[in-house]
Amino acid sequence: MSQLLKGIVQFPWEVTAVVSVSDNGGSTGALRRELSIPAVGDITKVMMAMSGSSQGVKDLFMYRFDEGTLEGHSIKNLIMTALLEMYGSFTESLPILNDLLDVKGNLYAVTEDNADLVGIATDGTRIVGEAEITAARSRIRELQYDKDVKANPDVLKALEEADFIVFSTGSLLTSISPHIIIPEIQEAVRKSKAKTCYVCNVITQPGETDDYTVSDHIDAIEKYLGKGAIDAVIANNGELPHDMKLFAKSEGKAPVEIDRERIAEKGITLIEDKLAVVEDGYIRHDSLKTAYLMFAYLMNVSE
């Protein structure tokens, strides 16, 4: 989501980003275990992507300690944690940090609840925690939370008022699904009159989306939202650089195939282009080009 938002915020629309708060790995996981708070890492990462502050300020907030008792923690995570301790919720805390970082748009946690993601594997095994689900690399047939979770009312209101709902790139299990397994979110999306778009991943994720095509990714989303939940899909049709393709293969990853016939059968508008770029050694979407395709689609269907 943070990669896409770098481009999205450059266009003249009012942006609202909704972020999951169930991550339990790294710095975020350590803070959760010590202070019993929802995850702060993803939301601060997205915040930095939406920030209009100078690069120097961004670099300061992104700084991560590499030794001592603060080893592994970033400034942004520590400040977000301090605000949660002071004000008790993301709803009260985020406006302060948004103002400090000149955030372009609205940013909400999908829930205020401190809950863990639970994956039910095909053999019935329960895997608790986002980090553990990713590490297990086993087929997950169902996702749920370890407790009842209530959606943030601000998110429900934003969905009701939205003209365009975008399901971002990222792990289907640990980035997208934590939003759409919440019943209130499902109902709000179904009731919304907004156009919906999914930006499909460039490569598969080992143990989660092995051999998945674009339509398989859509099926995974519609499992929770219902058939016909997606109006359009944006997919990469460009070749990966040879060295990155070999590197991805060595990690058990592969380019996501565009199965055009099945996408057409589902009645979904396919928007494809050469979108894959390599940044900091990772395969990512070209944020500006992808945002342009979103904007052009919305303008076209709004005419």
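Note that the structure is a prediction, hence the values are computed from the model and not measured.

## Overview of helix α3 (residues 41-50)
Consideration 1: Of all 10 residues in α3, 8 are buried, a share of seventy percent or more.
Consideration 2: Burial in α3 covers these residues: G41, I43, T44, V46, M47, M48, A49 and M50.

## Regarding the confidence of the model for the protein chain
Consideration 1: On average, residues of the protein chain score 92 in pLDDT, and 100% of them are at 70 or above.
Consideration 2: When the elements of the protein chain are averaged for pLDDT, helix α7 (residues 130-136) gives the smallest value, 83, and strand β8 (residues 232-236) the largest, 98.

## Remarks on the pairing of strand β10 (residues 276-279)
Consideration 1: Direction of pairing for β10 relative to strand β11 (residues 282-285): antiparallel, over a ladder of 4 bridges. Across the sheet, V278 pairs through a bridge with I283, a residue of β11.
Consideration 2: Counted between consecutive antiparallel strands, the loop separating β10 from β11 contains 2 residues, among which D280 sits at a positive phi close to 55°.

## Things to note about the nonpolar core
Generally speaking, a soluble globular protein has its nonpolar side chains buried in company with each other.
Consideration 1: Grouped together as the largest cluster of nonpolar side chains are 42 residues, with contacts concentrated most on L5, I43, M50, M80, F90, L107 and I234.
Consideration 2: Setting aside its immediate chain neighbours within four residues, M80 contacts V40, I43, T44, F90, S93, L94 and L97.
Consideration 3: The next biggest cluster of nonpolar side chains, apart from the first, holds 41 residues, and it includes V18, I180, I230 and V256.

## Details of unusual backbone geometry
Most peptide bonds take the trans configuration, and most residues that are not glycine carry a negative phi.
Consideration 1: In this structure, D102 is a non-glycine residue whose phi angle is positive, near 50°.
Consideration 2: Tracing the backbone through its elements, the reader meets D102 in the loop between α6 (90-100) and β2 (106-109).
Consideration 3: Notably, D280 is not glycine yet its phi reads approximately 55°, a positive angle.
Consideration 4: Here D280 lies in the loop between β10 and β11.

## A look at helix α10 (residues 183-191)
Consideration 1: Here α10 has its buried residues at I185, Q186, A188 and V189. Seen end-on, α10 carries its buried residues on one side only, within an arc spanning 165°. Exposed residues pointing more than 90 degrees away from the buried face of α10 are listed as P183, R190 and K191.
Consideration 2: Turning to α10, the residues buried within the fold contact α8 (153-161), β6 (164-167), α9 (172-180) and α11 (214-225).

## Quick look at the sheet that holds strand β5 (residues 140-145)
Consideration 1: Pairing is antiparallel in the open sheet, where 3 strands are placed in the order β4-β3-β5. One side of each edge strand has no neighbouring strand; the edge strands of this open sheet are β4 (126-128) and β5. Neighbour-to-neighbour, the strand axes of the sheet open up by a mean angle of 25°, direction not taken into account.
Consideration 2: The pairing of strand β3 (residues 117-121) with β4 spans 3 bridges and is classified as antiparallel. Considered in β4, the bridge of G119 is made with I127.
Consideration 3: Contacting β3 and β5, α9 crosses the sheet at an angle of about 50° to β5.

## Here's the deal with the packing of aromatic side chains
Consideration 1: In this structure the tally under the stated criterion is 6 aromatic pairs.
Consideration 2: Consider the rings of F11 and F295, whose centres lie 5.3 Å apart with planes at 35°: the pair is tilted. One end of the pair, F11, is in the loop between α1 (2-8) and β1 (16-19); the other, F295, is in helix α14 (residues 287-302), with 284 residues separating them in the sequence. Like F295, F11 is buried.
Consideration 3: Where F164 meets Y297, the ring centres are 6.0 Å apart and the plane angle is 40°; that geometry is what we call tilted.

## Considerations on the sheet that holds β6
Consideration 1: As summarised here, the arrangement of the 4 strands in space is β6-β7-β8-β9, forming an open sheet in which the pairing is parallel. On the outer flanks of this sheet lie β6 and β9 (269-273), each paired with one strand and no other. With strand direction ignored, the average angle separating the axes of adjacent strands in the sheet is 20°.
Consideration 2: Bridging between β6 and strand β7 (residues 195-199) involves 4 bridges; their strand directions are parallel. Note that in β7 the partner of F164 across the bridge is K195.
Consideration 3: Where α14 meets the sheet, its contacts fall on β6, β7, β8 and β9, and the angle it forms with β9 comes to roughly 145°.

About the criteria used
- Residues numbered from 1 in each chain as written.
- Predicted model: local features only at pLDDT ≥ 70, side-chain atom pairs only at ≥ 80, totals over all residues.
- Heavy atoms only, no water.
- Buried < 20%, exposed > 50% of the residue type's maximum accessible area, 1.4 Å probe, protein only.
- Helix = DSSP H or I, 4+ residues; strand = E, 2+ residues; numbered from the N terminus.
- pLDDT = per-residue confidence, 0-100.
- Pairing = 2+ DSSP bridges.
- Core = buried A, V, L, I, M, F, W, Y, C linked by side-chain atoms within 4.5 Å.
- Contact = heavy atoms within 4.5 Å.
- Arc of directions from axis to C-beta.
- Axes fitted to C-alpha atoms, helices over the stretch in contact; angles between N-to-C directions.
- Phe/Tyr/Trp six-rings, centres within 6.5 Å; stacked < 30°, edge-to-face > 60°.

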